[in-house]
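Observations on the three-dimensional arrangement
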Amino acid sequence: MVTGAESGIGAACAKAFGGEGARVAVLYFADAAAAERTADAVRAAGGAAMTVQAHVDDEGSVDAAFAEVERIWGPADVLVNSAGLNMTGVPVRDMKLDQWRRLLDTDLTGAFLTSRRFLTGRGKASGAAAILHISSIHAYAVRAGGADYCAAKGGLSNLVETLAIEEAPRGIRVNAIEPGMILTPMNARAQSDAAYRATLEHNIPLGRAGDPSEVADLAVFLASEKARYITGARIVIDGGLSLMQALGA
Ligand SMILES: NC(=O)c1ccc[n+]([C@@H]2O[C@H](COP(=O)([O-])OP(=O)(O)OC[C@H]3O[C@@H](n4cnc5c(N)ncnc54)[C@H](O)[C@@H]3O)[C@@H](O)[C@H]2O)c1
């Protein structure tokens, strides 16, 4: 099951799991046509796909989406939670409570709701399973104007680590992926404005932004048997960007 799978990193993850021959539930927020395009990409890659609407910030919506997938395919073995909202650049002194809540509800409570429903859906199912949350380097590298986003992703780190120790006895691994700058609609300006993109890429040691497929490759690895001893980890994928924190020193 992949949330936010109609776009960006979620869509790339869905396609990559399709390439492994997986049955992929493409969970989407609002754009059903985009979700169908992801489902087509999954099938073209060799997997099976269904699309289901899921608002990760809404308990009833999450429950209904999981119930629909379980009705057809049974409990899922892998959850990739990629649904998320970006920071808006508004400093705390100007931030409306509604904005704070909307971000926290999506990026943090959404992770809680999808994880919990994934776990209860599995019930007593045995066998390896994996939860992956797409976090961010901003879980620890804060930015002015990003208090809501940084707090949500920082909280997500502790959620992932707590879940990892709670679920380890059942063989369920829980990890976070922390991307840096990835070229998705969340970074729309970097894709349409070459000068802006070059300014940002100047700070990335590998010299370029990442592609969503590179994050998806990591997700496939972390969900696989090859990552069987990795749990509670927060894995950075940023071309070295987060190492550049002492620029003014
Ligand atoms: N692109 C980057 O540079 C970058 C960097 C670090 C972390 N991330 C994280 O990666 C994840 C995916 O982002 P992306 O870059 O693919 O952006 P994106 O905007 O392409 O994808 C985000 C998806 O989340 C969905 N969404 C938003 N609110 C939702 C809700 N309430 N319920 C369900 N779905 C909802 C959107 O519809 C969209 O499909 C996010 O959690 C983001 O914070 C992205």
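Before reading on, note that the structure itself is shown above.
In what follows, the accompanying structure is described.

Criteria and thresholds
- Counting from 1, residues in each chain are numbered in the order their sequence is written.
- Only residues with pLDDT of at least 70 get local features here, since the model is predicted, and only at 80 or more are side-chain atom pairs given and counted; chain-wide, interface and lining totals rely on the full set of residues.
- Note that the side-chain values use all heavy atoms of the structure and ignore hydrogens as well as water.
- Each helix is a run of H or I in the DSSP string that is no shorter than four residues. Each strand is a run of E no shorter than two, and both are numbered from the N terminus.
- Within these notes, the globule rule equals 2.2 Å times the number of residues to the 0.38 power, and the radius of gyration is based on C-alpha atoms.
- Under the scheme applied here, a residue whose accessible area is under 20% of the maximum for its type counts as buried, over 50% as exposed, and between as partly exposed, the area being computed with a 1.4 Å probe on protein chains only.
- The contact rule is simple, with two residues in contact once any of their heavy atoms fall within 4.5 Å.
- Areas reported here follow the Shrake-Rupley algorithm with a probe of radius 1.4 Å; residue values treat only the protein chains shown as occluding.
- As used throughout, the charge tally considers Lys and Arg to be positive and Asp and Glu to be negative, leaving His and the chain termini uncounted.
- For the purpose of locating charges, the reference atoms are NZ of Lys, CZ of Arg, CG of Asp and CD of Glu.
- Salt bridge, as used here: a side-chain nitrogen of Lys or Arg that lies within 4 Å of a carboxyl oxygen of Asp or Glu.
- Under the pairing criterion, centres of Phe, Tyr and Trp rings, with the six-membered ring standing for Trp, must be within 6.5 Å; the plane angle then separates stacked pairs below 30 degrees from edge-to-face pairs above 60, leaving the rest tilted.
- Two limits define a charge over a ring: the Lys NZ or Arg CZ must be within 6 Å of the ring centre, and within 35 degrees of the ring normal.
- Think of it this way: one heavy atom of a residue within 4 Å of a molecule or strand is enough to make that residue near it.
- For the purposes of these results, a polar contact is taken to be a pair of N or O atoms within 3.5 Å, where, inside protein, one atom must be able to donate a hydrogen and its partner to accept one; residues adjacent in sequence count only when each atom of the pair is a side-chain atom.
- By the convention adopted, Pro, Cys, Tyr, Trp, Phe, Met, Ile, Leu, Val and Ala count as nonpolar, Lys, Arg, Asp and Glu as charged, and the other residues, Gly among them, as polar.

Details of the overall build of the chain
Check the secondary structure of the chain and you find eight helices and seven strands. Computed over its C-alpha atoms, the radius of gyration of the chain comes to 17 Å, within 12% of the 18 Å expected for a compact globule of 249 residues. With respect to the principal axes defined by its C-alpha atoms, the chain has extents near 55 × 35 × 35 Å. Looking at the chain residue by residue over its 249 residues, the buried ones come to 47%. A separation threshold of at least 6 residues defines the contact pool for the chain, and within that pool the share at least 24 residues apart is 71%. Accessible surface computed for the chain: about 12,000 Å², of which carbon and sulfur atoms make up 53%. On the chain, the mean spot of the 23 positive side-chain charges and the mean spot of the 28 negative ones are 2 Å from each other.

Digging into the pattern of salt bridges
Counting across every chain of the model gives 14 salt bridges. Across the pair Arg234 and Glu161 runs a salt bridge, and its minimum N-O distance is 3.0 Å. Of this pair, Arg234 sits in strand E7 (residues 234–237) while Glu161 is found in helix H5 (residues 147–167), placing the two residues 73 residues apart along the sequence. By relative accessible area, Arg234 is classed as partly exposed at 36%. Among the charged side chains, a network of salt bridges with common partners joins Asp63, Glu70 and Arg117.

Examining the side chain of Ser82
Relative to the elements of secondary structure, Ser82 occurs in the loop between strand E4 (78–81) and helix H4 (97–122). The residues contacting Ser82, other than those within four sequence positions of it, are Thr3, Ile9, Gly10 and Ile134.

Some words on the environment of Ala64
Mapping Ala64 onto the fold places it in helix H3 (residues 59–73). As for Ala64 and Gln53, which are separated by eleven residues in sequence, their C-alpha atoms are 8.9 Å apart.

Quick look at the packing of aromatic side chains
Enumeration over the complete set of coordinates arrives at zero aromatic pairs. The side chain of Arg189 reaches across the aromatic face of Tyr196, ending 3.8 Å from its centre.

Observations regarding the site of the ligand
Around the ligand, a shell composed of 28 residues is seen, among which Ser7, Ile9, Tyr149, Thr184 and Asn187 lie nearest. Within the contact set of the ligand, an oxygen atom lies 3.2 Å away from a backbone nitrogen or oxygen of Gly84. The separation between an oxygen atom of the ligand and a polar side-chain atom of Tyr149 is 2.7 Å. For the ligand, whose unbound accessible area comes to 820 Å², protein coverage reaches 91%. Elements with a contribution of two residues or more to the shell around the ligand: helix H1 (8–19) and H5. When grouped by side-chain class, the residues that make up the shell around the ligand number 13 nonpolar, twelve polar and three charged.

Shape is all these values report; function is a separate question.
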